[in-house]
Amino acid sequence: VLLACSTLAVAQLDSVIIAPPPLEDGVILTLEHLQPYWRELESLVEDNKVVAIGTSDLDKPLLEQLYLWAQIKPSSNQVNLASCCIMPPDLTAFAKEFDIQLLTHSDSKEILCEESFQEVLRDSVEGSDADAWSPVWVLRYSVIVKTRGIIKSKGYIVQAKRKAPH
């Protein structure tokens with residue numbers, strides 16, 4: 001978030017929506033997975049770096065657990081259109097009761113896979129040794145002119161790491 005603020009030359013972000021981290025096959029996302037990320041988001045709100053925080057792809061039970069546990073409540077939850085064409089009724093009822101905005105998205109689970117990242121590096125940077133790099137996290141941003149609802153700019157900020165040589 002601090003890197004995004006610096007890159008975009010703003011003092012604070014209006015909204016940050018966190019997508020759950022990828023998990024190993026067979027591992028089910030739990031509140032314990034989300035808590036460290038949510039604590040960090042709460043501290044960013046307390047430090048006035050972010051106005052509102054939300055989640056992505058949480059079902060009703062997990063959203064409810066997070067809501068009950070969190071000091072600063074989620075203001076929104078994105079639902080992937082690929083997983084459903086109508087909002088689940090239990091999620092809709094919970095969101096309405098607790099004033100959580102439900103949004104939709106159609107992003108793939110993995111915004112930038114390692115192979116795509118390396119391909120971009122090969123195409124963009126000579127001698128980059130692209131295969132030695134992998135993305136750690138990806139932040140997608142949109143700058144919107146509030147009074148008009150116009151997207152002024154959008155893009156991605158990526159943190160990558162170089163793999164240790166064998």
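Preceding block: the structure.
Everything numeric here is computed off the predicted structure, so don't read it as measured data.

K.L.:
Please explain the environment of Ser106 as it appears in this structure.
P.N.:
Along the chain, the position of Ser106 falls in the loop between β4 (101-105) and α5 (114-124). For the pair Ser106 and Asn80, spaced 26 residues apart in the sequence, the C-alpha separation amounts to 5.3 Å.

K.L.:
Sorry, what's going on with the sheet that holds strand β2 (residues 50-56) here?
P.N.:
Strand pairing in a sheet relies on backbone hydrogen bonds, with the paired strands running either antiparallel or parallel. Pairing within the open sheet is parallel, and its four strands lie in the order β1-β2-β3-β4. Because the sheet does not close on itself, it has two edges, and the strands there are β1 (13-18) and β4. Each strand of the sheet is rotated relative to its neighbour by a mean of 30°, with strand direction disregarded. Helix α2 (residues 31-46) contacts β1 and β2 of the sheet and is inclined by roughly 160° relative to β2.

K.L.:
So what exactly am I meant to see when it comes to unusual backbone geometry here?
P.N.:
A negative phi angle is the norm for most residues apart from glycine, just as the trans form is the norm for most peptide bonds. Positive phi, close to 55°, is recorded for Ala9, a residue that is not glycine. Structurally, the position occupied by Ala9 is in the loop between α1 (2-8) and β1. Residue classification places Ala9 among the exposed positions, given a relative accessible area of 70%.

K.L.:
Hey, could you run me through α2 in this one?
P.N.:
For the α-helix, the turn length of 3.6 residues means that residues three or four positions removed from each other point alike. Between its terminal C-alpha atoms α2 stretches 21 Å, which fits the 22 Å expected from 16 residues at 1.5 Å a residue. Of all the bends found along α2, the most pronounced is centred on Tyr37 and spans about 30°. Of all the positions in α2, only Leu31, Leu34, Gln35, Trp38, Leu41, Glu42, Leu44 and Val45 are classed as buried. Just past α2, the residue Asn48 takes up positive phi, approximately 60°.

K.L.:
Hey, could you run me through the packing of aromatic side chains in this one?
P.N.:
Each aromatic ring pair is specified by the distance between its two centres and by the angle formed by the two planes. On inspection of all chains with the given rule, the structure shows three aromatic pairs. Here the aromatic rings of Phe94 and Phe98 are separated by 4.8 Å at their centres, their planes lie at 45°, and the arrangement is tilted. One aromatic cluster in this structure is built from Tyr67, Phe94 and Phe98. Its end group placed over the ring of Tyr67, Lys73 keeps NZ or CZ at 5.0 Å from the ring centre.

So, how was this worked out
Residues numbered from 1 in each chain as written. Predicted model: local features only at pLDDT ≥ 70, side-chain atom pairs only at ≥ 80, totals over all residues. Heavy atoms only, no water. Helix = DSSP H or I, 4+ residues; strand = E, 2+ residues; numbered from the N terminus. Pairing = 2+ DSSP bridges. Axes fitted to C-alpha atoms, helices over the stretch in contact; angles between N-to-C directions. Contact = heavy atoms within 4.5 Å. Buried < 20%, exposed > 50% of the residue type's maximum accessible area, 1.4 Å probe, protein only. Expected span 1.5 Å × (residues − 1). Bend = angle between axes of the 7 residues up to and from the residue. Phe/Tyr/Trp six-rings, centres within 6.5 Å; stacked < 30°, edge-to-face > 60°. Lys NZ or Arg CZ within 6 Å of the ring centre and 35° of its normal.

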